[in-house]
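Residues per chain are reported as follows:
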Amino acid sequence: MSTAEPGHTIAVAVQTPAHSGMGDLLTYRSAQPLAPGTLVRVPLGRREVLGVVWEALAAPPEGVDLRAVAAVLDGIAPLDAHWRRLVNFAARYYQRSLGEIALMALPPQLRDLQPEQLARRLRRPAPTAQTDAAAVPLVALSAEQENARAQIAAQPGPFLLFGSTGSGKTEVYLRCVQAMLAADPSAQALVMVPEINLTPQLEERFIARFGATSVVALHSGMTNPQRLKSWLAAHNGSARIVLGTRMAVFASIPQLRLIVVDEEHDASYKQQEGARYSARDLAIWRGREQGAKVILGSATPSLESWYASRPASADDPGGRYLRLHMPSRIGEGALPRLRVVNMNHQPRRTVFSAPLLAALQERVERGEQCMILLNRRGYAPVLHCADCDWKSDCPHCSAHQVFHKADRTLRCHHCGFTVRVPRACPGCGSPDITPIGKGTEQLEEQLATLLADVRRPDGSPVRVARIDADTTRAKGALEAQLAQVHSGETDVLVGTQMIAKGHDFRRITLVAAVQPDGAFFSSDFRAPERLFSLLMQAGGRAGRDAQYIASQGSRGELWLQTFHPEHGMVAALRQHDYIAFAEQQLQERRDAAMPPFAFQALVRADARTQEVAQGFLLAASDAAYTQGLPGLGDHVTLYPPVPLVIQRVANVERVQMLLESDNRPALQHFLAAWQPLLLALRNQPEHKGLVRWLVDVDPLAI
Ligand code: ADP
Ligand code: ZN
Ligand code: ZN
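Predicted, not measured: the structure shown is a model, and the values here were computed from it.

Asker: Would you mind going over helix H4 (residues 143-154) with me for this structure?
Answerer: Residue pairs three or four apart in sequence face the same way in an α-helix, which turns once every 3.6 residues. With 12 residues, H4 extends 16 Å between its outermost C-alpha atoms, agreeing within 8% with the 16 Å of an ideal straight helix rising 1.5 Å per residue. Contact partners of the buried residues in H4: strand E6 (159-163), helix H5 (169-183), strand E11 (293-298) and strand E12 (322-326).

This is the structure in structure tokens:
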């Protein structure tokens, strides 16, 4: 047809294949005018897909034959301009297509629903009237809490609530939400947590305070129908509080007035695949755009947030955030004491030093609980043949296969490749193959043996348990295992960082990190920051039940077994001195021009061979120089391509190139100009179909 169809021309955001180069928006016609933000179903190729109307366009040029919108999901109010601006910003900032971000931000089930199905779902009775908040009497706030609350009420923010573990940060969030809801009958709040499954207590506390119908959850552990239901409740305003993980930052919350990002330092706020967005950073942007106050909370803030909240001084106007400090624990509970075991003075190959074992025994005999941390699951990280030096290397990755004793397998933690443990060395036939190094499975086994004679106060034998990704694979397993710790059934809990975060275990009085040294000397400049916060958080688990601890004359302890007791981090841990640690790290970062004093992005290429992946990045770099992209060599530095630390995973070679800039807008400007060149390169014959690439803006691991 060459004549333009009657009706309206609209641009629609749809999910096109990644980097397809199809542009961000596709054009359709519609018989009726459609407001921006309207959800529609449109034909795309031979499929019909969900889309979001982005804007109305003038009529298409003569001779262009547009396809028609197939259906309008008019049971759902159009997504508002705030939401669309957020999506637009995230797409530009993280170098993704608008359609990808828009569709990622919507509940998956919306994609499959026809308007009639949706209408039926929307007709289902809504739950009964809201339960009133605060049936329970409120505790009196401590002076520090009251100061934080008052500042948050009076100032625009954003705020960094820097409060020790157990200082009552959650209570401050609850009060701020409560005040906001009371002041404005339609206001909504967004409360984000790193991993909701690990902190069911938080959800319980919000429900107890505000009633089950005011609070909805949004996280990936929910079924698609549950997610749709929560999303709709937030979108139509019936949910006053949205409690979720990083994905919740994209929820449609039209009356958003307050955003809380709890444990803001946590790496899980950064999505590590696809669109690599930071939900914490987007929360700050969203709060400003939508007029919502933002509270970032942590006992160990990210160095970015710490620096952004620095006070003003004579020659520095200060950071953008307002820092609120709550150093004291509620109930005067003392912070745990640090105990350091110098492993240079222990017999070789000691895993549990004698003083640590004695301390464990003493605690168990008193009916207290202990937690042992090791960030390596499995029994041993590698099997080795002493005769021919064979190692259990993964054939598909540049990594070892980990020995798992429970099911006698060797498993690659990168690609999942699994084989049965060989009876003899595959290299030389020697029967003498031995595990090297320790994993959580082995610690659990050894502890059970070492503590076999220890009795609990009731005379029953000690119970050692383990929680890590292996023990919690089955649905409900984590909850069941956590319940055992809470009920006191477990005396000594061994696990990975999974157990260090957020749990309010009342009777844990001792936490031990048995091999923390790796992170002291890691090539990743963020490793010390991560270890410090992990240990402070873990230590925060110890001794939370202040009354109990006081009545026993006991005290929470954090134990470190280290070959480097003189390391600066050990001293900072001993003083619980996050501030000293942060200032020292910031000085190092400033000297080395690292974030937060510089801005980074990575462009990564994956291919079957190093040559192809490197070739792509070299060509990308050449193109940037030949085209004279803005800022290059001046504000933007492009480093040579290097293989990733784990260079090959599942037979894919991975190479990356670091970009650094002293100026965020300059980096953004450069990336935006570079994107079309990368797309064009990808379609050249020497790369087409052979290379996958991605851009990671503000990467957490480089
Ligand atoms: P955080 O989030 O900083 O770790 P929480 O808000 O969970 O701290 O508070 C720690 C404990 O102290 C919780 O059991 C909480 O119920 C209690 N708590 C908090 N504020 C007060 C207060 N003002 N008075 C009494 N108990 C409080
Ligand atoms: Zn051998
Ligand atoms: Zn592998």
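What follows continues from the structure just given.
Asker: What exactly am I supposed to notice about the site of ligand 1 here?
Answerer: Around ligand 1 sit 16 residues, and of these Ala-140, Gln-145, Lys-169, Thr-170 and Arg-205 come closest. At a separation of 2.8 Å, a nitrogen atom of ligand 1 approaches a polar side-chain atom of Gln-145. Gly-166 places a main-chain nitrogen or oxygen 2.9 Å from an oxygen atom of ligand 1. Considering ligand 1 on its own, with 560 Å² of exposed area, one finds that the protein chains cover 74% of that surface. When grouped by side-chain class, the residues that make up the shell around ligand 1 number four nonpolar, eight polar and four charged.

Asker: Sorry, what's going on with the side chain of Gln-290 here?
Answerer: Topologically, Gln-290 is positioned in helix H8 (residues 279-290). Among the polar contacts listed, one links the side chain of Gln-290 to the backbone oxygen of Ile-253, at a separation of 2.8 Å. Of the polar contacts made by the side chain of Gln-290, one reaches the backbone oxygen of Pro-254; its length is 3.3 Å. When residues no more than four places from it in sequence are discounted, the contact partners of Gln-290 are His-82, Ile-253, Pro-254, Leu-256 and Arg-257.

Asker: How should the coordination of the zinc ion (ligand 2) be read in this particular structure?
Answerer: Ideal values for angles at a metal depend on the geometry: 109.5 degrees with four tetrahedral donors, 90 or 180 degrees with six octahedral donors. Around the zinc ion (ligand 2), the protein contributes the donor atoms Cys-385 (SG), Cys-388 (SG), Cys-425 (SG) and Cys-428 (SG), which lie 2.2 to 2.4 Å from the metal centre. Every donor residue of the zinc ion (ligand 2) comes from the same chain, spaced as C-x2-C-x36-C-x2-C. Separated by 40 residues along the polypeptide, Cys-385 in strand E15 (residues 382-385) and Cys-425 in the loop between strand E18 (418-420) and strand E19 (433-436) bring together distant segments of the chain. On the basis of relative accessibility, which here comes to 5%, the residue Cys-425 falls in the buried class.

Asker: So what exactly am I meant to see when it comes to the sheet that holds E18 here?
Answerer: The strands that make up a sheet are held in pairs by hydrogen bonds between backbone atoms, and each pair lies either parallel or antiparallel. On the basis of which strands lie adjacent, the open sheet formed by three strands has the order E16-E17-E18 and antiparallel pairing. Every interior strand has two partners, whereas the edge strands, strand E16 (402-404) and E18, have only one. Across the sheet, the mean angle from the axis of one strand to that of its neighbour is 30 degrees, orientation sign disregarded. Examined bridge by bridge, E16 and strand E17 (residues 409-411) share three bridges and lie antiparallel to one another.

Asker: I tried to follow the environment of Thr-245 on my own but got confused; where do I start?
Answerer: Tracing the sequence through the fold places Thr-245 in the loop between strand E9 (241-244) and strand E10 (256-262). When the C-alpha atoms of Thr-245 and Asp-662 are compared, they prove to be 31 Å apart, with 417 residues separating the residues in sequence.

Asker: Could you clarify how one ought to interpret the pairing of E9 in this entry?
Answerer: Side-chain direction in a regular strand flips from residue to residue, so the side chains alternate between the two faces of the sheet. Judged by which residues are buried, E9 turns out to be covered on both faces: Ile-241 and Leu-243 on one side and Val-242 and Gly-244 on the other are all buried. Looking at chain direction, strand E7 (residues 188-192) and E9 are connected through four bridges and run parallel. Within E9, the residue paired with Ala-189 across the bridge is Ile-241. Relative to E9, strand E8 (residues 215-218) is paired through four bridges, and the arrangement is parallel. Note that in E9 the partner of Leu-218 across the bridge is Gly-244. With helix H7 (residues 224-235) bridging E8 and the parallel E9, this β-α-β connection has right-handed handedness.

Asker: So what exactly am I meant to see when it comes to the nonpolar core here?
Answerer: Most often, soluble globular proteins keep nonpolar side chains buried together rather than apart. By size, the foremost hydrophobic cluster in this structure holds 126 residues, and its most contacted members are Leu-106, Leu-659 and Trp-674. Leaving out residues up to four positions away in the same chain, Trp-674 has contacts with Val-603, Ala-620, Ser-621, Ala-624, Leu-629, Leu-638, Met-657 and Leu-659.

Asker: Please explain the coordination of the zinc ion (ligand 3) as it appears in this structure.
Answerer: Around the zinc ion (ligand 3), the protein supplies Cys-394 (SG), Cys-397 (SG), Cys-412 (SG) and Cys-415 (SG) as donor atoms, at distances of 2.2 to 2.4 Å. Bound by four donor atoms, the zinc ion (ligand 3) shows angles of 107 to 113 degrees at the metal and therefore tetrahedral coordination geometry. Between consecutive donor residues of the zinc ion (ligand 3), the sequence gaps follow C-x2-C-x14-C-x2-C. One end of the pair, Cys-397, is in the loop between E15 and E16; the other, Cys-415, is in the loop between E17 and E18, with 18 residues separating them in the sequence.

Asker: How should I be thinking about the environment of Gln-95 in this particular structure?
Answerer: Examined against the element boundaries, Gln-95 turns out to sit in the loop between helix H1 (81-93) and helix H2 (98-104). Taking the C-alpha atoms as reference points, Gln-95 and Ala-672, separated by 577 residues in sequence, lie 7.2 Å from one another. The residues contacting Gln-95, other than those within four sequence positions of it, are Ala-90, Gln-668, Leu-671, Ala-672, Gln-675, Val-695 and Val-697.

Asker: It is not clear to me how the packing of H4 against H5 should be interpreted in this structure. Could you clarify?
Answerer: What describes two packed helices is the angle between their axes and the distance between those same axes. Running from N to C, H4 and H5 cross one another at 35 degrees; their axes reach a closest spacing of 10 Å. Crossing handedness for the pair H4 and H5: right-handed. Where H4 approaches H5, its residues Gln-145, Ala-148, Arg-149 and Ile-152 are matched on the opposing element by Glu-171, Val-172, Arg-175 and Cys-176. Per-class residue counts for the contact of H4 with H5 are four nonpolar, one polar and three charged.

Asker: When you look at the UniProt feature "binding site: Zn(2+) 1" (unreviewed entry) in the protein in this model, what are you seeing that I'm missing?
Answerer: Taking the UniProt record as the reference, the feature "binding site: Zn(2+) 1" (unreviewed entry) is found at Cys-385, Cys-388, Cys-425 and Cys-428. The annotated residues occupy 44 residues of the chain but converge on a single region, no pair of C-alpha atoms lying more than 8.6 Å apart. Once residues lying within four places of it in the same chain are set aside, the contact partners of Cys-425 are Cys-385, Cys-388, Trp-390, Ser-430 and Ile-433. Examined against the element boundaries, Cys-428 turns out to sit in the loop between E18 and E19. The exposure class assigned to Cys-428 is partly exposed, which follows from its relative accessible area of 42%. Ignoring anything within four residues of it in the chain, the contact list for Cys-428 reads Cys-385, Asp-387 and Cys-388.

So, how was this worked out
- Residues numbered from 1 in each chain as written.
- Chains lettered and ligands numbered in written order.
- Predicted model: local features only at pLDDT ≥ 70, side-chain atom pairs only at ≥ 80, totals over all residues.
- Heavy atoms only, no water.
- Helix = DSSP H or I, 4+ residues; strand = E, 2+ residues; numbered from the N terminus.
- Expected span 1.5 Å × (residues − 1).
- Contact = heavy atoms within 4.5 Å.
- Near = heavy atom within 4 Å.
- Polar contact = N/O pair within 3.5 Å; in protein donor to acceptor, adjacent residues only side chain to side chain.
- Areas by Shrake-Rupley, 256 points an atom, 1.4 Å probe, with all protein chains shown as cover.
- Nonpolar A, V, L, I, M, F, W, Y, C, P; charged D, E, K, R; others polar.
- Donors = N, O, S within 2.8 Å, 3.2 Å for Na, K, Ca; no water.
- Buried < 20%, exposed > 50% of the residue type's maximum accessible area, 1.4 Å probe, protein only.
- Pairing = 2+ DSSP bridges.
- Axes fitted to C-alpha atoms, helices over the stretch in contact; angles between N-to-C directions.
- Right-handed = clockwise from strand over helix to strand, strands pointing away.
- Core = buried A, V, L, I, M, F, W, Y, C linked by side-chain atoms within 4.5 Å.
- Tetrahedral: all angles 85-135°; square planar, octahedral: opposite > 155°, others 65-115°.
- Left-handed = near helix turned anticlockwise from the far one by under 90°.
- UniProt positions renumbered as here; feature names shortened; annotations may be inferred.

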